[in-house]
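Secondary and tertiary structure notes
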Amino acid sequence: MQHAPMSIDQVLMVIALSCYVVGALILILYFFSREEWQKNLGAPLVVAGCVAQFAQLIARFELTGIWPLLNLYGSLSLFSAMSVAIFSAFAFRYRLWFAGGFVVALAAIFLAYGNTWNEGTLPPVPSLQSYWAKIHVPIVVTSYAAFLVASVLGALYLIKYYGERLTAGRAQTLRAATPEGTSVAFTVREDASVRVKSDTPAIDAAVQAGSPTAAWLSSLPSLAQLDVMIYRVVAVGLPLLTIGIITGAWWAKEAWGAYWQWDPKETAALTLWIFYAMYMHLHTRNAWRGPRSAWLAVIGLPLMTFVYLGVNVVIGNHSLHSYKT
Amino acid sequence: MTAVARDFVRTFSNVLFAVSLFAIWAVLTLLGVVIDQNQDPQEYFGAYPVPLARAILRLGFDNVYHSPWYIGIIGLILLSLTVCTFKRVIPARLPPLRPVKVDKIPLNASFEVAGVESSVRQRVEAFFARHGWQVRKRTFDGTEWTFADRHNWARRGVLVAHVGFVIIAAGTTIYWARGFAGETAILTGQTVTPSQTSASLTLHDFNYRIQPIATKSGIVYQPIDYVSHVTAIGRDGIPHRATIRVNHPIDVDGTFFYQASYGFAMRFTVTHDGVPVADLSSRQLEEGQGLSLPQSARSVQYAQFVPTIDKLTGMPSADPRINRPGVVLNVFDGDQPLGTTLLPLGQRLDLGQGFSIVPRQYTLYSGIQYRYDPGVPLVGIGAFVLLAGLCISLYLLPARLFVQVSPGPAGCTVGVAAMTVKGYEMFEQPFSELIEEMKKGE
Ligand code: HEM
């Protein structure tokens, strides 16, 4: 049997997936062994995969003339590209490449799953023929991508946090910096250089005692830094989700007559919005910053996946937003 | 204030209480995602075990978003938001300038500087002013304090977000109080004045375009366009020709008309003992409507239009384009269904008791949705206010520095403490950099 030659977008998709799979494996290796070459190889591969993904979406648009994000295949493709892009931006800024393997592995899984929804090219149904499609979909998908990154950082926080507790060998609840509680603050005194006091004293002590696990744990950013990073990623996702819901409502008003119809997809997005609004409010409380908000960030991943895929694929046939035809 | 009022204020101004309300709101919202909404009761009994289905119906979870629970929780959230804003957010976010115990604040630093107190104080103030901090001085009990604020105005971001939420709620309430919505089917050539509106619409024609496309899982008949050509007359009495298509509604006196659906009205010839029953034969039925036969318990329902009957199987084809059209008819005797038939146009069906029916001619109708919602501008403004507040709160970190200069061994001791609206962790790095720079400048 003779196979038709692959089109440029298919070639780019294969390149992206391969870069992600290999890049994720190398970066996961880097997570555990921290050899510089692993980062130097893994990070460019991941960035190359991400570029190939955007090129793939553009190529598809050029080849078909149809906005490529109107089905689950295109939307998941952008989702995984955005997850990698947002993560890479944070990785460059905060030197986070050691965590990249997990984000990229998740992105690759979502991308591979998205490929199973590739039905070829379908022109959009009337309700999707709107410039809002070009605005609303990328914004919502990018917000979901931010929540994915936040959940991976949340998991890292919990690894370090429970690592500290295990190392300390006692069930002591670490509290984030509070005026009343244990302090993670630093104090600059005369002649002392500025330093940030460690928030994992047990791990530090174990490092001094030569524990390799503790040495590994201490190579993760401090709990305070991880908490701030999670907050910052959610602070990307929540406003984007808000804009996504607003643009969606605007579009719905044009297409269906009402800006809000209590359609499952709308209400699911609202659930996710309420969830992250809860995160933001709890994060203003001293007692809730730290492990509790990290748990929320982690729980955000299954919730986001349900909102994104569960509603489309499982309950989608009752939704105006269903990708099923 | 009575004890009850105090308890009320204490509870409703507690953020954890507010967040618990959010959690209930999220769970109720999710319930409406998982449980199919607004279905017939039998659907729930079919889909869930009987006790669960009964619970869903009794608790109103089949229409959760309009249930007392849902409206109640949003009411409580608004109440909590209002109480919290006045009792907690404003005092916490807009604190007056007051002295603190510098070394009791987790983010603090102190260092020695040469020079007399007044000149050190001046240098410190100049340093902050150079770095864009708003400097203010106060004296408390004879002690001079310098306060430096960054992004002080942004402390109001939370208030802006909260006000946005309230505006959205107000906009939605306006729709409940004064808006209306509905759907109407207009047959080609017909004129309708939808109830509550001042507009009359005449449908000249309705067109739809469907394109068969080969996909990996077979042929998909993709709808491409639905278009109604109408003449609309509003309050001014002047007829306007207009086109309504999906995503392109028309506005008549503030009411918007949307292309929503389409269908096929049918004219049937009903005969009794070979003689046409004039009254029934003159009617046009929309899908789902029926005819009761005179002096008989029998009735016939026009269930569905079938655009194409497959030649080989004689069954409805997936092709929605009109080729060999037919209709699906349900026949009843009283409440008892007697049967269902797929009948090509022009063919006769014997209904018993001397009656027979022939589907004669179809007419396209356009399903038009209409809506008057005077709350939309307010909801739109609220959404943008909320978004603005969210961005101000999330991207700017208002911080206040408390600076005290006191005589020290090398001249003066400068003590600096920092507080932000988001705790201390977020400001550790900038604070350490600031202090380093201050020390270098000395
Ligand atoms: C039950 C209703 C609500 C209550 C009682 C409430 C209360 C609060 C409180 C007490 C704070 C912290 C202020 C501080 O510690 O200085 C806060 C922060 C905030 N609230 Fe609300 N809020 C409610 C609803 C909302 C809603 C619906 C939004 C919509 C976006 C919202 C957006 C925000 C934002 C953006 C912040 C700032 C978060 C940060 O700085 O990290 N709130 N709210």
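Residues numbered from 1 in each chain as written. Chains lettered and ligands numbered in written order. Predicted model: local features only at pLDDT ≥ 70, side-chain atom pairs only at ≥ 80, totals over all residues. Heavy atoms only, no water.

1. Notes on the overall build of chain A
We apply this condition: Each helix is a run of H or I in the DSSP string that is no shorter than four residues. Each strand is a run of E no shorter than two, and both are numbered from the N terminus. Each residue's exposure class comes from its accessible area (1.4 Å probe, protein chains only) as a fraction of the maximum for that residue type: buried when under 20%, exposed when over 50%, partly exposed otherwise. Any two residues whose heavy atoms approach within 4.5 Å at even a single point are treated as in contact. Only the protein chains shown count as covering a residue, and every accessible area follows the Shrake-Rupley method with a 1.4 Å probe.
For chain A, the helix and strand inventory stands at ten helices and one strand. Along its sequence from the N terminus, chain A presents helices and strands in the succession α-α-α-α-α-β-α-α-α-α-α. Burial analysis of chain A (325 residues in total) assigns 58% to the buried set. Of the contacts made within chain A by residues no fewer than 6 positions apart, 76% connect residues no fewer than 24 positions apart. Of the roughly 13000 Å² of accessible surface on chain A, a fraction of 66% belongs to carbon and sulfur atoms.

2. With respect to the coordination of the iron atom of the ligand
Note the threshold: Note that water is not among the atoms used; donors are N, O and S atoms within 2.8 Å of the metal (3.2 Å for Na, K and Ca), so sites may look incomplete. For a four-donor site, all angles between 85 and 135 degrees give tetrahedral; for four or six donors, opposite pairs above 155 degrees with the remaining angles between 65 and 115 give square planar or octahedral; all remaining cases count as irregular.
The protein atoms that coordinate the iron atom of the ligand are H281 of chain A (NE2) and H162 of chain B (NE2), at distances of 1.9 to 2.0 Å. Relative to the metal, the six donor atoms surrounding the iron atom of the ligand lie at angles of 85 to 177 degrees, and the coordination shape comes out octahedral. With H281 of chain A in helix α9 (residues 264-283) and H162 of chain B in helix α7 (residues 157-178), this residue pair bridges two chains. H281 of chain A sits in the partly exposed class, given a relative accessible area of 27%.

3. Some remarks on the site of the ligand
In plain terms, the rule: In these notes, residues near a molecule or strand are those with any non-hydrogen atom within 4 Å of it. In protein, a polar contact means a hydrogen-donor-capable atom and an acceptor-capable atom, both N or O and within 3.5 Å, with residues adjacent in sequence counting only if both atoms are side-chain atoms; elsewhere, any N or O pair within 3.5 Å suffices. Classification convention: Asp, Glu, Lys, Arg as charged; Ala, Val, Leu, Ile, Met, Phe, Trp, Tyr, Cys, Pro as nonpolar; all other residues, Gly among them, as polar.
If you check the shell around the ligand, you find 23 residues, and the closest are Y231, H281 and R285 of chain A together with R93 and H162 of chain B. H281 of chain A places a side-chain nitrogen or oxygen 2.7 Å from a nitrogen atom of the ligand. Between the ligand and R285 of chain A there is a distance of 3.1 Å, counted from an oxygen atom to a side-chain nitrogen or oxygen. Within the residue set of the shell around the ligand, elements represented by two or more residues are α9 of chain A together with α2 (15-34), α5 (68-93), α7 and α9 (376-395) of chain B. The element contributing the most residues to the shell around the ligand is α5 of chain B, with seven residues. For the shell around the ligand, a count of residues per class yields 14 nonpolar, five polar and four charged.

4. Structural notes on the domain arrangement of chain B
Stated precisely, the cut-off is as follows: Domain start and stop points were drawn from an automatic or database domain assignment.
Domain boundaries assigned for chain B yield domain 1 (3-93), domain 2 (102-151 + 397-441) and domain 3 (267-360). Summarising the inter-unit geometry, the C-alpha centres of domain 1 of chain B and domain 3 of chain B are found 48 Å apart.

5. Section: the pairing of strand β19 (residues 399-408) of chain B
All names here are of chain B. Stated formally: Strand pairing is assigned whenever DSSP identifies at least 2 bridges connecting the two strands.
Where strand β3 (residues 143-150) lies against β19, five bridges are found, and the strand directions are antiparallel. Paired with T146 across the strands is V403, a residue of β19. Between β19 and the antiparallel strand that follows it, strand β20 (residues 411-420), lie two residues.

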